[in-house]
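Residues per chain, in single letters:
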Amino acid sequence: MFEFLLPFDLFMARVAAGLRSSCGSVLTPVMKVITLSGNIGAIFVICAVVMLFFKSTRKAAVSALVALLFGLLFTNAILKNVIARERPFADATSEFYSFWKAAGGLTENGYSFPSGHTTAATAFGVSLFIQKNKRYSWLFLLIPVVMGFTRIYFVVHYASDVIGGFIIGGAAATLSYFVVRALSKRFHL
């Protein structure tokens, strides 16, 4: 199903491997902290819950939490199981496997498409982008870009899985915006 994307996925894996080999001792620990902070979307949920305590960020927090829930349902409950794409490192004879070993062999369970970490980061970042001042909120869009790259860097996802996460997370944030807008009129968020 994804064979036509393999040249792109392999190109991106090679780019990440080149970056890792040229500055890995400095970059890898930072990338590891970032990628592990996205486990089960915990960092995004924590940030959104903290934002609930402040009136100026409450609406954005609710939007982010709803988007995270939608992203979780779309990605982990539905798409990963329906599509059932194996992780890049699953085939020990592939170039992806050698990149994965060189990156430290970070283990992940479950299927690969779409990237749950990237979906969560995108749902969170796009929700904040939509709800906050556009002069500065574009910075929130860097969150999914960085998270997505860490998933490619450690070869736990193909680049196309990350793009899928961008799409699903963006859709979840957009849907959340409309849901929260309707709720805010009713509950005065």
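Keep in mind the model is a prediction, meaning the values are calculated, not measured.

(A) View of the environment of Ser37. By secondary structure assignment, the location of Ser37 is in helix α1 (residues 6-37). Given a relative accessible area of 28%, Ser37 falls into the partly exposed group. Sequence separation between Ser37 and His117 is 80 residues, and the spatial gap between their C-alpha atoms is 9.2 Å. Every residue in contact with Ser37, bar those within four places of it in the chain, is listed here: Ala42, Ile43 and Met147.

(B) Inspection of helix α5 (residues 116-131) at higher detail. When the terminal C-alpha atoms of α5 are compared, their 22 Å separation across 16 residues agrees well with the 22 Å that a helix rising 1.5 Å per residue should span. Within α5, 13 of the 16 residues are buried, leaving the element largely enclosed by the surrounding structure.

(C) Structural context of unusual backbone geometry. Cis geometry marks the peptide bond from Phe113 to Pro114, where omega comes out at -10°. If you trace the backbone, Pro114 turns up in the loop between α4 (95-102) and α5. Located in the positive-phi region is Ala84, a residue other than glycine, with phi close to 55°. Note on placement: Ala84 falls in the loop between α3 (55-83) and α4. Non-glycine residue Val155 carries a positive phi angle of around 55°. Tracing the backbone through its elements, the reader meets Val155 in the loop between α7 (142-153) and α8 (159-187).

(D) Highlighting α7. For α7, spanning twelve residues, the distance from its first C-alpha to its last is 16 Å, which sits close to the expected 16 Å at 1.5 Å a residue. Those residues of α7 that sit buried are Pro144, Met147, Gly148, Thr150, Arg151, Ile152 and Tyr153. Downstream of α7 by one or two residues, Val155 has phi in the positive range, about 55°.

The rules we used
- Residues numbered from 1 in each chain as written.
- Predicted model: local features only at pLDDT ≥ 70, side-chain atom pairs only at ≥ 80, totals over all residues.
- Heavy atoms only, no water.
- Helix = DSSP H or I, 4+ residues; strand = E, 2+ residues; numbered from the N terminus.
- Buried < 20%, exposed > 50% of the residue type's maximum accessible area, 1.4 Å probe, protein only.
- Contact = heavy atoms within 4.5 Å.
- Expected span 1.5 Å × (residues − 1).

On their own, these measurements won't tell you what the molecule is for.
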